[in-house]
Amino acid sequence: MSENVSYTNVHRAFLQACSNHGTLSTSQAFNMYVAICAQHDDSHSIPSEADLASVIEAINERIYRFDQKIALVHYDPTDMDFYVFVSLQESPIDLQQNVFTAPELHFFRVLLRELALSEDHTLALIACLNLTNDTASEGMKPLAKTRAEQLLQEWEQLGYFLTLDDKCYLGPKAVVEFEKYISRNYADVVTRCCLCNVTIFYILHKDCMKKYLRRLTNCPACKTLWSVPL
């Protein structure tokens, strides 16, 4: 970050908000930024989306040393953009050991595994709850389905999963935070974008394809004329 750019209470408050929420749509993030500016910015300037982008850039320069980042991701199942507060650690699940019990974390891992391995990276909600049977271990009962339902709701609020039409999806936070984890552990079943080399969970990367089609007109995979509307 440039030395003449100060790191203010606006940066600190926005980072705290992102950390608490985990995942925010771009509109939610901007509205939160406007409210934070009204409280902490004495310049009384009118906030803009460009200002927010600069604030996030400055925050990321500060928190990168702690293996953290606020990432902007396009989430294909809802066709929306999100700001996601993520850990860049190799095993981010382990960071939740002080928050969730061992059976709860095991349920998270099993759910992540089954979503990664399923053909379309979705599971019926009833199938997700039945995964609690896999959480039993010697001397321990399986996680109760009522608790599993509570966890799914809590993890969805954080952006790890999404429930839509009685199906469970990897959420925008999981897509970003666990991309390396899933690619490393389930390399045989994941697909990578041929343009940016990031794991694809739901169809292709629209933003990558739009940038590609500004220069070329043929599909990067089959080389025929691209005709699918984006």
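Look a little higher up for the structure.
Residues numbered from 1 in each chain as written. Predicted model: local features only at pLDDT ≥ 70, side-chain atom pairs only at ≥ 80, totals over all residues. Heavy atoms only, no water.

### Observations concerning the overall build of the protein
Cut-off, in case you're wondering: Secondary structure is summarised from DSSP: a helix means a run of H or I of at least four residues, a strand means a run of E of at least two, and numbering begins at the N terminus for each. Any two residues whose heavy atoms approach within 4.5 Å are treated as being in contact. Computed with a 1.4 Å probe, the accessible areas rest on the Shrake-Rupley method; for each residue, only the protein chains presented here act as cover.
Counting its secondary structure elements, the protein contains 9 helices and 8 strands. Within the protein, residue pairs in contact and separated by at least 24 positions form 51% of the contacts whose partners lie at least 6 positions apart. Total accessible area on the protein stands at roughly 13,300 Å², and carbon and sulfur atoms take up 51% of it.

### Re the pattern of salt bridges
Note the following rule: Salt bridges are counted wherever a side-chain nitrogen of Lys or Arg sits within 4 Å of a carboxyl oxygen of Asp or Glu.
With the rule as written, the count across this model stands at 5 salt bridges. Among the ionic pairs, Arg 147 bridges to Glu 104, the shortest N-O distance being 2.7 Å. Remark: Glu 104 occurs in helix α4 (residues 102-117) and Arg 147 occurs in helix α6 (residues 145-158); sequence separation between them is 43 residues. The partner of Glu 114 in a salt bridge is Arg 113, with the nearest N and O atoms 2.8 Å apart. Through salt bridges that share partners, Arg 113, Glu 114 and Asp 134 make up one connected network.

### As for the sheet that holds strand β4 (residues 122-124)
What counts is decided by this rule: Paired strands are those between which DSSP finds at least two bridges. Here an angle of 0 to 180 degrees is reported between the N-to-C directions of two axes, which are lines fitted to C-alpha atoms, with helices fitted over the stretch in contact.
Ordered in space as β4-β6-β5, the 3 strands form an open sheet in which the pairing is antiparallel. Because the sheet does not close on itself, it has two edges, and the strands there are β4 and β5 (161-164). Each strand axis lies, on average, 30° off the axis of its neighbour in the sheet, ignoring direction. Here 3 bridges tie β4 to strand β6 (residues 167-170), and the two strands are oriented antiparallel to one another. Residue Leu 123 lies in a different strand from β6, and its bridge partner there is Cys 168.

### Considering the pairing of β5
Bridge count for β5 against β6 is 4 bridges, and the pairing is antiparallel. The partner of Leu 162 across the bridge, within β6, is Tyr 169. Counting the residues between successive antiparallel strands, the hairpin from β5 to β6 contains 2 residues, one of them, Asp 165, with a positive phi of roughly 55°.

### Comments concerning the sheet that holds strand β3 (residues 80-87)
The strand order β1-β3-β2 describes an open sheet built from 3 strands, whose pairing is antiparallel. The open sheet has two edge strands, β1 (23-25) and β2 (68-75), and neither has a second partner. Taking the axes of each pair of neighbouring strands and ignoring which way they run, one obtains an average angle of 25° across the sheet. Where β2 lies against β3, 8 bridges are found, and the strand directions are antiparallel. Its bridge partner being in β3, Ile 70 is matched across the sheet by Phe 85.

### Focus on the side chain of Glu 104
Using the following cut-off: Note on exposure labels: buried denotes an accessible area under 20% of the residue type's maximum, exposed denotes more than 50%, and partly exposed covers the range between, all computed with a 1.4 Å probe on protein chains only. We call two N or O atoms a polar contact when they sit within 3.5 Å, provided that within protein one can donate a hydrogen and the other can accept it, with sequence-adjacent residues counted only if both atoms are side-chain atoms.
Overall, the relative accessible area of 8% leaves Glu 104 in the buried class. A distance of 2.7 Å separates polar atoms of two side chains, one belonging to Glu 104 and the other to Arg 147. Beyond its immediate stretch of four places on either side in the chain, Glu 104 contacts Leu 143, Arg 147, Leu 151 and Trp 155.

### What to know about the packing of helix α1 (residues 9-21) against helix α2 (residues 26-40)
We apply this condition: Reported orientations rely on four angle classes, namely roughly parallel under 35 degrees, roughly antiparallel over 145, roughly perpendicular from 65 to 115, and oblique for the rest. Less than a right angle of anticlockwise turn of the near helix away from the far helix marks a crossing as left-handed, whereas a clockwise turn marks it as right-handed. Under the scheme applied here, ten amino acids are nonpolar (Ala, Val, Leu, Ile, Met, Phe, Trp, Tyr, Cys and Pro), four are charged (Asp, Glu, Lys and Arg), and all others, including Gly, are polar.
The contact between α1 and α2 brings their axes to 9 Å, and the two run at 140°. Of the possible angle classes, the one that applies to α1 and α2 is oblique. Judged by the sense of rotation from one axis to the other, the crossing of α1 with α2 is right-handed. For the pair formed by α1 and α2, the contact residues are Asn 9, Val 10, Ala 13, Phe 14, Ala 17 and His 21 on the first element and Ala 29, Met 32, Tyr 33, Ile 36, Cys 37 and His 40 on the second. Taken together, the residues of the contact of α1 with α2 break down into 9 nonpolar, 3 polar and no charged.

Any link to function would need more than the numbers given here.
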